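Overview (structure and organization)
Listed below, chain by chain, are the residues.
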Amino acid sequence: MKHYLKWVAVAVLLFALSACGNGQSNENHASKSNDLYDQVKSKGVIIVGTEGTYPPFTYHGDNGKLTGYDIDVMNEVAKRLGLKVQYKETQWDSMFAGLNSKRFDMIANQVGIRPDREKKYDFSTPYTFSKAAVIVRNNNTDIKSFADLKGKKSAQSLTSNYANLAKQNGAQIVSVEGFSQAIQLLTSNRVDATVNDTLSYLDYKKNKPNAPIKVVAKADDAGKSAFLFRKNSGKLPDKVNQALKDMKNDGTLTKISKKWFGEDVSK
């Protein structure tokens, strides 16, 4: 009988311990949130996809450190959310796939807000506004508007929206690989103009204030760029938007913008 009672006591104890263990496991499982922001906050780190090769937005400076307008904005957002940032540098062509496969939590890389992207992803409120501009040499008096491009040579990247805009206004397109080459052709009198991004122009003039070029016209509609998230990212977009709103209200976003472009491109 004593042996029997002993085994009964052991069995009851083991059952009790097992029950406690299951309860704790269930409790821990229940405490784990499926919300992306809660997960990020729990880790204290947000993983951000970026190119790192796209000045002045995201690139490596002379000291080798990742820097740029988008990096400064993202770092400030993370600071206000009490998070550290871990950047994963990725080529543009594979960046969206990286977000889809959850290699990172969001993208900070001057992603333009477009209807086709809005169907697949969530955007933050925009932190960059940029208009297409007609850029000519300082001594040019013939071109004062988009319409004046008719019959003129305009240096453009063939696959860009700016090339299409120049074509629509009757320009003769001269193919270039990018903004720098377009400006080289322009300043050497090999083309009459280039239709390009106002941000690229501002960055160029900031670094080369004596460059003999000027903007003579800007498009009415501004392109908008923002942070990009997967659909169903929970509270994360809202938290980022609140930080951006606070940065706009207290002047921090304007300060960052003027640091990189000499004027406020955040509105």
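Spatially, the 3 strands line up as an open sheet ordered β2-β3-β4, and their pairing is antiparallel. The sheet is open, and its two borders are formed by β2 (53-54) and β4 (66-67), each paired with just one other strand. The pairing of strand β3 (residues 58-60) with β4 spans 2 bridges and is antiparallel. Looking at β4, one finds that H60 is bridged to L66.

What follows deals with the packing of helix α3 (residues 69-80) against helix α10 (residues 252-261). Packed helices, taken two at a time, are described by the angle their axes make and the gap between the axes. At a minimum axis distance of 9 Å, the contact between α3 and α10 shows a crossing angle of 160 degrees. Compared by their axis directions, α3 and α10 come out roughly antiparallel. Our pair here, α3 against α10, has a crossing hand that is right-handed. Along its contact with α3, which presents Y69, D72, V73, E76 and R80, the element α10 presents T252, L253, I256, S257, K259, W260 and F261.

What follows deals with the packing of aromatic side chains. A full pass over the atoms with the stated rule returns 9 aromatic pairs. Measuring from ring centre to ring centre gives 5.3 Å for W92 and F96, while their planes differ by 90 degrees; the resulting arrangement is edge-to-face. Here W92 and its partner F96 are both found in helix α4 (residues 92-100), 4 residues apart, which amounts to about one turn of the helix. When the ring of F96 is compared with that of Y121, the centres are 5.6 Å apart and the planes differ by 55 degrees; the resulting orientation is tilted. With F96 in helix α4 and Y121 in strand β7 (residues 121-123), this residue pair connects regions lying 25 residues apart in the sequence. With a relative accessible area of 16%, F96 lands in the buried category. Among the aromatic residues, those joined into a ring-pair cluster are Y54, F57, Y69, Y127, F227 and F261.

Among the 10 residues that make up strand β8 (residues 128-137), 8 are buried, leaving the element largely enclosed by the rest of the structure. Looking at chain direction, β8 and strand β12 (residues 213-230) are connected through 9 bridges and run antiparallel. Bridged to K131 within β12 is A222.

Now for the packing of helix α8 (residues 198-207) against α10. Contact pair α8 / α10: the axes reach a minimum separation of 8 Å and the direction vectors enclose 65 degrees. Seen from α8, the contacting residues are L199, L202, D203 and K206; seen from α10, they are K259, W260 and F261. Among the residues forming the contact of α8 with α10, the class breakdown is 4 nonpolar, no polar and 3 charged.

Considering the arrangement of structural elements, one finds I107 in strand β6 (residues 106-112). With relative accessibility at 0%, the residue I107 sits in the buried group. Between the C-alpha atom of I107 and that of I47, which follows or precedes it by 60 residues, the distance is 8.7 Å. Setting aside chain neighbours within four positions, we find I107 in contact with V48, G49, M95, F96, L99, F227 and L228.

Conventions and cut-offs
- Residues numbered from 1 in each chain as written.
- Predicted model: local features only at pLDDT ≥ 70, side-chain atom pairs only at ≥ 80, totals over all residues.
- Heavy atoms only, no water.
- Pairing = 2+ DSSP bridges.
- Helix = DSSP H or I, 4+ residues; strand = E, 2+ residues; numbered from the N terminus.
- Axes fitted to C-alpha atoms, helices over the stretch in contact; angles between N-to-C directions.
- Parallel < 35°, antiparallel > 145°, perpendicular 65-115°, else oblique.
- Left-handed = near helix turned anticlockwise from the far one by under 90°.
- Contact = heavy atoms within 4.5 Å.
- Phe/Tyr/Trp six-rings, centres within 6.5 Å; stacked < 30°, edge-to-face > 60°.
- Buried < 20%, exposed > 50% of the residue type's maximum accessible area, 1.4 Å probe, protein only.
- Nonpolar A, V, L, I, M, F, W, Y, C, P; charged D, E, K, R; others polar.

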